[in-house]
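What the coordinates show
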Amino acid sequence: EANRGHSDFNISKFDLFDSYLPQYKRAFQGAKAAGVMCSYNAVNGLPSCANGHLLQMMLRGEWKQEHALVTSDCGAVNNLM
């Protein structure tokens, strides 16, 4: 897939917390999901696999999932280099 590793989606804070994150929060807190896969794309300029706000502050901090497994989409980490 051409250029799939270079998409950057600009999402307002309202949309992020109202539309995108609630299902993940429910999955981790309600269904006890054990992990998540970060994607090739970036969110608001930060690559998903290096997004400290989503992976550290939200997942491990606010949702208290400090032992959640985070894996990358195949090749996504290479896009950071």
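What counts, and at which threshold
- Residues numbered from 1 in each chain as written.
- Predicted model: local features only at pLDDT ≥ 70, side-chain atom pairs only at ≥ 80, totals over all residues.
- Heavy atoms only, no water.
- Helix = DSSP H or I, 4+ residues; strand = E, 2+ residues; numbered from the N terminus.
- Rg over C-alpha atoms; globule rule 2.2 N^0.38 Å.
- Buried < 20%, exposed > 50% of the residue type's maximum accessible area, 1.4 Å probe, protein only.
- Contact = heavy atoms within 4.5 Å.
- Areas by Shrake-Rupley, 256 points an atom, 1.4 Å probe, with all protein chains shown as cover.
- Lys, Arg positive; Asp, Glu negative; His and termini not counted.
- Charge placed at Lys NZ, Arg CZ, Asp CG, Glu CD.
- Polar contact = N/O pair within 3.5 Å; in protein donor to acceptor, adjacent residues only side chain to side chain.
- Phe/Tyr/Trp six-rings, centres within 6.5 Å; stacked < 30°, edge-to-face > 60°.
- Core = buried A, V, L, I, M, F, W, Y, C linked by side-chain atoms within 4.5 Å.

Looking only at helices and strands, one finds 3 helices and 5 strands in the protein chain. Computed over the C-alpha atoms, the radius of gyration of the protein chain is 13 Å, within 12% of the 12 Å expected from 2.2 N^0.38 for a compact globule of 81 residues. Principal axes of the C-alpha set define a box for the protein chain whose edges measure 35 × 25 × 20 Å. Residue burial in the protein chain is summarised as follows: out of 81 residues, 28% are buried. A sequence separation of at least 24 residues applies to 70% of the contacts in the protein chain between residues at least 6 apart. Of the roughly 5,500 Å² of accessible surface on the protein chain, a fraction of 56% belongs to carbon and sulfur atoms. Averaging the positions of the 7 positive and the 7 negative side-chain charges in the protein chain gives two centres separated by 9 Å.

All right, on to the side chain of Asn41 then. You can see Asn41 is positioned in the loop between β2 (35-38) and β3 (42-43). For Asn41, a relative accessible area of 17% corresponds to the buried category. Polar contacts involving the side chain of Asn41 include one to the side chain of Ser39, which spans 2.4 Å.

Within this structure, the stated rule accounts for 1 aromatic pair. Measuring from ring centre to ring centre gives 6.3 Å for Phe28 and Trp63, while their planes differ by 25°; the resulting arrangement is stacked. Here Phe28 is found in helix α2 (residues 22-29), whereas its partner Trp63 is found in the loop between α3 (52-62) and β5 (69-72), with 35 residues between them in sequence. According to the relative accessible area criterion, Trp63 is buried, its value standing at 5%.

This brings us to the nonpolar core. Counting residues in hydrophobic clusters, the biggest one holds 10 residues: Ile11, Leu16, Leu21, Phe28, Val43, Leu54, Met58, Leu59, Trp63 and Ala68. When residues in this core are grouped by element, the largest group, 3 residues, is from α3. When near neighbours in sequence (up to four residues on either side) are disregarded, Leu21 contacts Leu16, Leu54, Met58 and Trp63.

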